[in-house]
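An overview of the molecular structure
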Amino acid sequence: MSFVEGLQCRECGRRSEARAVHVCEDCFGPYEVVYDYAALRRTVTREKIATGPRNVWRWADLLPVDKPVTGFHSGNTPLRRADRLAEVLGCSELYIKDDSANYPTYSYKERVVSVAISKAVEFGFDTVGCASTGNLANSVAAHAAAAGLQCFVFIPHDLEQGKVVGSQVFGPSVVRIKGNYDDVNRLCSEIADKYGWAILNVNLRPYYTEGAKTFGYEIAEQLGWKLPKHTILPVAGGTILPKVHKAYQELIDLGLVEDSNGGSRFYAAQAAGCNPVVTAIEKNIDVIVPQKPRTIAKSIAIGNPADGFYVYNAIKQSGGHGASATDQEIVDAIRLLATTEGIWTEPAGGTTLAAAIKLIKSGRIPKDESIVIGITGNGLKTIETLGGSLPDSEPIGASLNEFDRRLNGKASIEEAVLAGAI
Ligand SMILES: *Cc1c(COP(=O)(O)O)cnc(C)c1O
Ligand SMILES: [Zn+2]
């Protein structure tokens, strides 16, 4: 049994029972799930959590679901101490929360999808869908297949092949839209209305977004029930950052962690070619001006983020900041993370690391305090973003002689060809 009391509008406070609706009927503000926190305080303890499953449902008491139907292998991703990367950046306590290892489709989206699909089934939907920049589509398609649901995913036409195939293989209807994510999202609102399907990040959005809290709960437990001083996360639609902020806040309110050394600061990372939230943060104005995205970081290329304003608030409340990364900086950061820590992330992760580097170098994030960098997706789906930036390896003949030459670099490949060795 869940502790959900219902929905509440974040703007005007209007209450509603829990149902498949995401905007307030009075003011069009977003609905958010509210819980019986007094009851949660009596129930949820570190000891009880420790006996829970090692997946997103470890946090079931803090999620809006009565009966999970999927996600039994999602979540519980590594929090890795990243000493080799820390050495390069000159900082003393650096961690990577690594959702490139999330199962089954290797991104943070497993968290939100596990919750939203379970809720869709609870509400009696037999068809689910989403508007997506790729990873959400992959995750919805996989979880829907496993749960035996009809599935439609809507994506911009120009996504990386790994993201397109990574949906198609699970057998949903993949609808590619001639437009960017914001066009896809607008269409999906109309489709949710007309066809009455569960579009996870539209009419099930209040439940979907709650799943993102598990990223933050896991960090706290993995740090031994402590919060990091600094948390850097990418921003696309603006779900994960304010929800991890909410997760930390809930853990403090429930007495599960101490609110030590003045709270935890949050930092937003965006690509320079699509940075409406970081721009607002830097200008110190709480109005998010939409942009037309132009970046290799397609998974976070959302020019008009639904929850951008709440990202802004979480950043300002916590005393954090934001930073943007150019395409070149994103690629360099992907390679740095891979070569120092053995983690291959996609451009969203490259963006987050590149932003973290800027914030650390500029002194915004002190080098001697605990830092968590949120890595949200896997590089295997976006091979093309590294195209041309990696050293090409010309083949050699299968002879020790040729290998010796390659190793000591005395002969170039061209010389080897001329000598008839290749
Ligand atoms: C969706 C996504 C994000 C963040 O999206 P939000 O809408 O801001 O929660 C970050 N990284 C990757 C790889 C994603 O797919
Ligand atoms: Zn309202």
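Everything discussed here concerns the structure shown above.
The structure contained in this document is the topic of the report that follows. (Residues numbered from 1 in each chain as written. Chains lettered and ligands numbered in written order. Predicted model: local features only at pLDDT ≥ 70, side-chain atom pairs only at ≥ 80, totals over all residues. Heavy atoms only, no water.)

Examining the overall build of the protein chain
Within the protein chain, the secondary structure is distributed over 16 helices and 13 strands. A compact globule built from 422 residues should have a C-alpha radius of gyration of about 22 Å, and the protein chain, at 22 Å, falls within 12% of that. Seen along its three principal axes, the alpha-carbon backbone of the protein chain occupies a region of about 80 × 50 × 45 Å. Counting the 422 residues in the protein chain, one finds 56% classified as buried. Looking at the protein chain as shown, the accessible area adds up to about 17700 Å², and 51% of this sits on carbon and sulfur atoms. Here the protein chain contributes 44 positively and 48 negatively charged side chains, and the mean placements of these two sets differ by 1 Å. (Helix = DSSP H or I, 4+ residues; strand = E, 2+ residues; numbered from the N terminus. Rg over C-alpha atoms; globule rule 2.2 N^0.38 Å. Buried < 20%, exposed > 50% of the residue type's maximum accessible area, 1.4 Å probe, protein only. Areas by Shrake-Rupley, 256 points an atom, 1.4 Å probe, with all protein chains shown as cover. Lys, Arg positive; Asp, Glu negative; His and termini not counted. Charge placed at Lys NZ, Arg CZ, Asp CG, Glu CD.)

Let's talk about the coordination of the zinc ion (ligand 2)
The zinc ion (ligand 2) binds to the protein through Cys9 (SG), Cys12 (SG), Cys24 (SG) and Cys27 (SG), with metal-donor distances spanning 2.2 to 2.3 Å. Classification of the site at the zinc ion (ligand 2) rests on its 4 donor atoms, whose angles at the metal span 98 to 117°, yielding the label tetrahedral. Donor residues binding the zinc ion (ligand 2) come from one chain and are separated in sequence as C-x2-C-x11-C-x2-C. One end of the pair, Cys9, is in strand β1 (residues 4–9); the other, Cys24, is in the loop between β2 (15–16) and β3 (31–35), with 15 residues separating them in the sequence. Of the two residues, Cys9 and Cys24, both sit in the buried class. (Donors = N, O, S within 2.8 Å, 3.2 Å for Na, K, Ca; no water. Tetrahedral: all angles 85-135°; square planar, octahedral: opposite > 155°, others 65-115°.)

Topic: unusual backbone geometry
Residues Tyr103 and Pro104 are joined by a peptide bond in cis, for which omega reads 10°. The residue Pro104 is located in the loop between β5 (93–98) and α4 (109–122) in this model. The backbone of Trp225 shows a phi angle near 60°, a positive value even though the residue is not glycine. Residue Asn284 is not a glycine yet carries a positive backbone phi of 65°. In this structure, Asn284 sits in the loop between α11 (276–283) and α12 (308–318).

Overview of the sheet that holds β3
One open sheet holds the 3 strands; their spatial order is β2-β1-β3, and the pairing between them is antiparallel. Each having just a single partner strand, β2 and β3 make up the two edges of the open sheet. Two strands pair when backbone bridges link them, and β1 and β2 are joined in this way by 2 bridges, in the antiparallel orientation. From the neighbouring strand, Gln8 faces β2, where its bridge partner is Arg15. (Pairing = 2+ DSSP bridges.)

What about the packing of aromatic side chains?
The tally for this structure, following the rule as stated, stands at 9 aromatic pairs. Between Trp59 and Trp225, the aromatic rings sit 6.3 Å apart at their centres with planes inclined by 70°, giving edge-to-face as the arrangement. In this pair, Trp59 sits in the loop between α2 (46–50) and β4 (79–81) while Trp225 sits in the loop between α9 (213–222) and β10 (230–234), placing the two residues 166 residues apart along the sequence. The exposure class assigned to Trp59 is buried, which follows from its relative accessible area of 1%. Relative to Tyr310, the ring of Phe309 has its centre 5.4 Å away and its plane inclined at 75°; by these criteria the two rings are edge-to-face. (Phe/Tyr/Trp six-rings, centres within 6.5 Å; stacked < 30°, edge-to-face > 60°.)

Digging into the pattern of salt bridges
One pass over the structure, following the stated rule, counts 24 salt bridges. Note that Lys243 is salt-bridged to Glu32, the shortest N-O span being 2.7 Å. Of this pair, Lys243 sits in helix α10 (residues 240–253) while Glu32 sits in strand β3, and the two are 211 residues apart along the sequence. This pair shows no difference in class: Lys243 is buried, exactly as Glu32 is. Salt-bridge contacts for Lys97 lead to Glu218; the nearest nitrogen and oxygen are separated by 2.7 Å. Residue Lys97 is located in strand β5, and its partner Glu218 is located in helix α9; the two are separated by 121 residues in the primary sequence. In this structure Glu218 comes out as buried when scored by relative accessible area, which is 4%. Residues joined by salt bridges that share partners form a network here, namely Arg10, Glu32, Glu210, Lys213, Lys243, Lys246 and Glu250. (Salt bridge = Lys/Arg side-chain N within 4 Å of Asp/Glu carboxyl O.)

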